[in-house]
Amino acid sequence: MTFSRLLSAARACAIALAFAAGPGASQAQELLSGATYDPAAPTVASVLGYDSGEQITRSADVRRYFEALRAWAPDRMVIGEQARTHEGRPVFWAAVGSPANIARLDQIKANSRALADPRQTSAARAQALIADTPVIVWLMYSVHGNEISPADASMAAARHLLASRDPAVQAWLANTVVVFVPTQNPDGRERFLNSFSSGFGVEANPDPLSAERDEPWPSGRYNHDLFDLNRDWFIQTQPETRGNAASVREWRPQVLVDAHEMGTDETFFFPPEAQPLNPWIADATLASRELIGRNTARRFDEAGVPYFNRQVYDAFYPGYGDGWPGYLGAVSMTYEQGSARGLAARRSSGEVLTYRETVRNHLIASLSTIEASSVNHDRLLKNFYDYNADGLTGRGAYVLSRPTWDPAQADRLAGLLVRSGVEVGRANAAFTACGKTYQAGDYVVNLSQPQRRMAEVLLAKEVAVPAPFLAEQERRRARGLGDEIYDVTAWSLPLIFNTPADRCASAPGVAVTAASDAMIAPAAVRNADAAYGWLVAPGVPGARLMTAALRQGLSMRAMDKPFTHDDRRWPSGTMIITRAGNPADTPRLLSQWAATTGAEVVGMDQSWVSDGPSFGSSDAVSLRAPRIALAWDEPTDPTAAGATRYVIEREFGYPVTVVRTANLSSADLSRFQVLILPNGGNYKASLGAGGVTALRDWVDRGGTLIGLGAATRLLTDPASEMLASRRENAVIDGEAAEAAGDKPRVEGALIESETDYLKLVGESERGPDSVAGVLARAQIDPEHWLSAGVAPGVNVLVQGSDIYTPLKRGEGTNVARFGSTADLLASGQLWAENRRQLAFKPAVMASDHGRGQIIAFVQDPTFRGYMDGLKVILMNALFRGPAHSSPTWTQ
Ligand SMILES: [Zn+2]
């Protein structure tokens, strides 16, 4: 059957359904033609009142249906919870297997973990375990809340396993334990369903413009904090991700699927993936992905369902749901179905895709995966054991030093590695390795461990994009085509945590203590009952303590310059809390906060400073608790607005007021001391000229305006009259590209070669080429208060094409600037022209403006919540910006 005939048949079916699917119409037609089920088993219709695929099921109703299945088959299903969302919804799992397997689930999990540690499990013992242990097939659905059909498919798949009369299913249940995570992102799914159902009329409307299918900002894709959970696996900022990761570490599945949806015009995707493939993925993993993919292809062919693979969806970034579990040895895969984004969708070809079809396709893919896992039981378990055994063949170690400017960065990094299953040791004594000396407390990651590939992929400074793929991208760029890189090309954790790391060829012999998954090492106040007051070291823990103290109403100051007190040198940014002017129980509060934040607090019996400014000088600025507003809604990028709020509120414990951008032009902003414009779209258009003037006036009267990422475009727009920097055009042969202008005719030109031709037709492209995401080094201007307590060099995640001119003296300060062409790239794939043009350009700019401050972060410092090295600069902007302003209103 040709594709077009197939699709028109699907359309005919869709139209028939649309008429048949009113309330009460219970002509149950199974999603799988020919399937027969035990009539006693609960159906979606018997529990929820509609057939599978007729409605988009609410998260709580998905749970209700799984509970009904469990009640019917208590010996074959177990349900548990792995997380609670920020909105209080459970994220649950449901394991399905034979009665014998369900009765020994703990043993099966233990067997799987034993196969994952060949140090404890000999090859002979593994052989015996493999014969006795089912394959754990982990099926996760709808991580993006507006990718709706997977969760409905999970209900149909669970029913199929429990109630199908197909004898093959009994064999599957003997050979596998299938664990469903039906709704990975219930908060996002509810957000989608609320906008869908409130826009719904009397029947499904397939028009892409209909309100039911046109989601408002921020869309249902993201979780409550507006994080993309499918980028969060190694950084684990969100409870949903932490639950997923903890479950995978506990169960150690051999096969794992993350079931998504994609654009309405698309068909269905399953692996093999597109290039580039991450070189740390094992060959056997890739082979098994293909093996399972071939089985799904066979089942799709039988059902007449079109699909594609090897295009669009690559396997490079390790933060995906099909990435991270793969480095723990699972055959992890993404499945993508073209979304109806509602109950029916008109494709651009005119054909109508029904929700029912999308649910059916994910059902087929889930079952084909279970089938292939059952058939290949021995191979999959053997590969899993071999994967972990291969980890032991690794040599050498990473050594992570606790950086002097913020040692807690290394503690956080170590905790995070442990949460990714990596074994990390903390040195019990000083030691040498790689010809260098390290301190007690530094961390060692021995590369002879089962999780070696996870350690390498997260810690390696560079994970190389394969050369043939890069060559193709250069060819595309020369022709003015976009590159095919799906996500960032750099994520090295030591770089984003700004922690020195060395990869040593042999592992140091120092005795270590296993690091825990704690992200914060509690600290104790030294000289807690000091007579005069206390010094608080800057850095991430110090900033946390500062927010706690300010919220408590404590009076504190921060030094703009370094100084020496009691023979110790303290960096700029050090905070001072005196007994005078603070409550009597301040020592108790400080002890409590040192324990919860890990901040270093040292008591002082007197205030004498032997070098540098005294505490009563003008270099000691008073910190006050600012009221912070954060632009929200259009045109902000939801993940950027969400991550900025997350960093300030959840990581630093300080509340912000989120204000819809549309209200900024008319609102009375004088009650806020700080306004943040997160990375986003066209602020100039959203605010309008009146809104821009209102913001500038507010700054002139003493406000601190902070632009992140693309919001810098507004601050540097000449019409805004804010920052003197300007966004640059692409440099072409040393000249800035000229726009054609408004002349009716231009000078004639001879084109002598194809290279010249490509250059000429490319010149109308005004900006530099877009960069998918690299880590670039920036140097800090240590004289500026924004850099107080910040390392001399920081790594910035560079994305997109925005490059700005440096501020000149008198116009403001380039607080951080990118390195030279030779040293700016820390990690990732950066085009040569961008590298040349980015050198020495500003990364962070600041300028006094009237009585206030304007601060621009050219690249978003809160990207995915994980650029830890930049967070102190952001906190300085929020809390020290107001301290360096002199507002006309009372604070
Ligand atoms: Zn998705």
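Residues numbered from 1 in each chain as written. Predicted model: local features only at pLDDT ≥ 70, side-chain atom pairs only at ≥ 80, totals over all residues. Heavy atoms only, no water.

**Student:** I tried to follow the pairing of strand 3 (residues 135-141) on my own but got confused; where do I start?
**Tutor:** Each regular strand displays side chains that alternate between the two surfaces of the sheet. Most of strand 3 sits out of view: 7 of its 7 residues are buried. Side chains of strand 3 alternate between two faces, with V135, V137, L139 and Y141 and I136, W138 and M140 buried alike. Two strands pair when backbone bridges link them, and strand 3 and strand 4 (residues 176-181) are joined in this way by 6 bridges, in the parallel orientation. Each bridged residue has a counterpart across the sheet, and for I136 the counterpart in strand 4 is V177. Two elements, strand 3 and strand 5 (residues 255-262), share 5 bridges in a ladder whose sense is parallel. In the sheet register, Y141 faces strand 5, and the bridge partner there is A259. (Buried < 20%, exposed > 50% of the residue type's maximum accessible area, 1.4 Å probe, protein only. Helix = DSSP H or I, 4+ residues; strand = E, 2+ residues; numbered from the N terminus. Pairing = 2+ DSSP bridges.)

**Student:** Looking at this structure, how should I read the side chain of H260?
**Tutor:** By the secondary structure assignment, H260 is in strand 5. For H260, a relative accessible area of 1% translates into the label buried. Not counting residues up to four positions away in its chain, the partners in contact with H260 are V143, H144, E147, P150, N230, T334, Y335, E336, Q337 and H362. (Contact = heavy atoms within 4.5 Å.)

**Student:** I'm lost on the coordination of the zinc ion in this one. Help?
**Tutor:** Metal coordination angles have textbook ideals: 109.5 degrees for a tetrahedral set of four donors and 90 or 180 degrees for an octahedral set of six. Here the zinc ion is held by H144 (ND1), E147 (OE), E147 (OE) and H260 (ND1), and the distances to it run 2.0 to 2.5 Å. Geometry at the zinc ion is irregular, judged from the 4 donor atoms that bind it and their angles of 58 to 154° at the metal. Spacing between the donor residues of the zinc ion along the chain follows H-x2-E-x112-H. Pair noted here: H144 is in the loop between strand 3 and helix 7 (149-163) and H260 is in strand 5, with a separation of 116 residues, a long-range link. A residue is classified by how much of its surface remains accessible, and H144, at 2% relative accessible area, is buried. (Donors = N, O, S within 2.8 Å, 3.2 Å for Na, K, Ca; no water. Tetrahedral: all angles 85-135°; square planar, octahedral: opposite > 155°, others 65-115°.)

**Student:** Help me understand the pattern of salt bridges in this model?
**Tutor:** Inspection of every chain in the model, using the stated rule, returns 58 salt bridges. A salt bridge links R189 to D152; the nearest nitrogen and oxygen atoms lie 3.0 Å apart. Placement of the pair is R189 in helix 9 (residues 186-199) and D152 in helix 7, with a sequence separation of 37 residues. A relative accessible area of 1% means that D152 is categorised as buried. Salt-bridge contacts for E261 lead to R341; the nearest nitrogen and oxygen are separated by 3.6 Å. With E261 in strand 5 and R341 in the loop between strand 7 (331-338) and strand 8 (344-346), the pair connects residues that are 80 residues apart, well separated along the chain. We note that E261, like R341, is buried. Taken together, the shared-partner salt bridges in this structure form one network comprising E147, R221, D228, R231, D487 and R864. (Salt bridge = Lys/Arg side-chain N within 4 Å of Asp/Glu carboxyl O.)

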